[in-house]
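Structure assessment
What follows is the residue order along each chain.
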Amino acid sequence: QVQLVESGGGLVQAGGSLRLSCAASGSIFGIKVMGWYRQAPGKQREWVASIPSGGSAVYADSMKGRFTISRDSAKNTVYLQMNSLKPEDTADYYCSAEMWSSPITLRSYWGQGTQVIVSS
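Residues numbered from 1 in each chain as written. Predicted model: local features only at pLDDT ≥ 70, side-chain atom pairs only at ≥ 80, totals over all residues. Heavy atoms only, no water.

1. A look at the packing of aromatic side chains
For the coordinates displayed, the defined rule picks out one aromatic pair. A cation over an aromatic ring shows up here: Arg-45 above the ring of Trp-110, its NZ or CZ 4.7 Å from the ring centre. Here the guanidinium or amino end of Arg-107 rests over the ring plane of Tyr-109, the centre of that ring lying 4.1 Å away. (Phe/Tyr/Trp six-rings, centres within 6.5 Å; stacked < 30°, edge-to-face > 60°. Lys NZ or Arg CZ within 6 Å of the ring centre and 35° of its normal.)

Here it is, written out as C-alpha cells:
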C-alpha cells in the first residue's frame, strides 16, 4: 500500500519561514511527479508547485520567488520551503504524487494534509 505522509506545518508569524516535508512509502515502482496543493478555509484547493522526475520545478504564479519545491529521489521525499510567509498563506497543505505501484499501474495519491497558520 502506497501512502504519503506530510510534516512540518505549524504556526508562524508573518515574514517567517516553514519547511514542509512529504515522504512516500509502500510498494513504489516509480514516481512520475510530486507536488503540493493548499486549501484555505472556505476556498477551493489550489495548486502550489510540482516537480517531475528528472525535470524542473514549476510554480503557481503567486508562489514564485517565495516558495521552493525540491525533491530527494533516494528518499522518495518532496519538500516545500516557504519564505516570507503572509497571513493569506494560511491553509492546509497537501502533498500529491503520481506514482507507479507496478510497471503498468499509475495513479495519483494524496497525503492527509498539514496545517500552516500565519499570524499577522
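2. A word on the state of the cysteines
One pass over the full model with this rule turns up one disulfide. There is a disulfide in this structure between Cys-22 and Cys-95, and the S-S distance comes to 2.1 Å. Judged by the sign of its S-S torsion, about -80°, the bond between Cys-22 and Cys-95 is left-handed. Within this pair, whereas Cys-22 is found in strand β3 (residues 18-25), its partner Cys-95 is found in strand β9 (residues 91-102), the two being separated by 73 residues in sequence. Side by side, Cys-22 and Cys-95 carry an identical accessibility label, which is buried. (Disulfide = S-S within 2.5 Å. Helix = DSSP H or I, 4+ residues; strand = E, 2+ residues; numbered from the N terminus. Buried < 20%, exposed > 50% of the residue type's maximum accessible area, 1.4 Å probe, protein only.)

3. Describing the sheet that holds β3
Sheet strands pair by backbone hydrogen bonding; their relative direction is either parallel or antiparallel. One open sheet accounts for four strands, arranged β1-β3-β8-β7; its pairing is antiparallel. Each edge of the sheet is formed by a strand with only one pairing partner; in this case those strands are β1 (3-7) and β7 (67-72). Along the sheet, successive strands turn relative to each other by an average axial angle of 15°, direction set aside. Pairing analysis gives five bridges linking β1 to β3, with the strands arranged antiparallel. By the bridge assignment for β3, Leu-4 is matched with Ala-24. (Pairing = 2+ DSSP bridges. Axes fitted to C-alpha atoms, helices over the stretch in contact; angles between N-to-C directions.)

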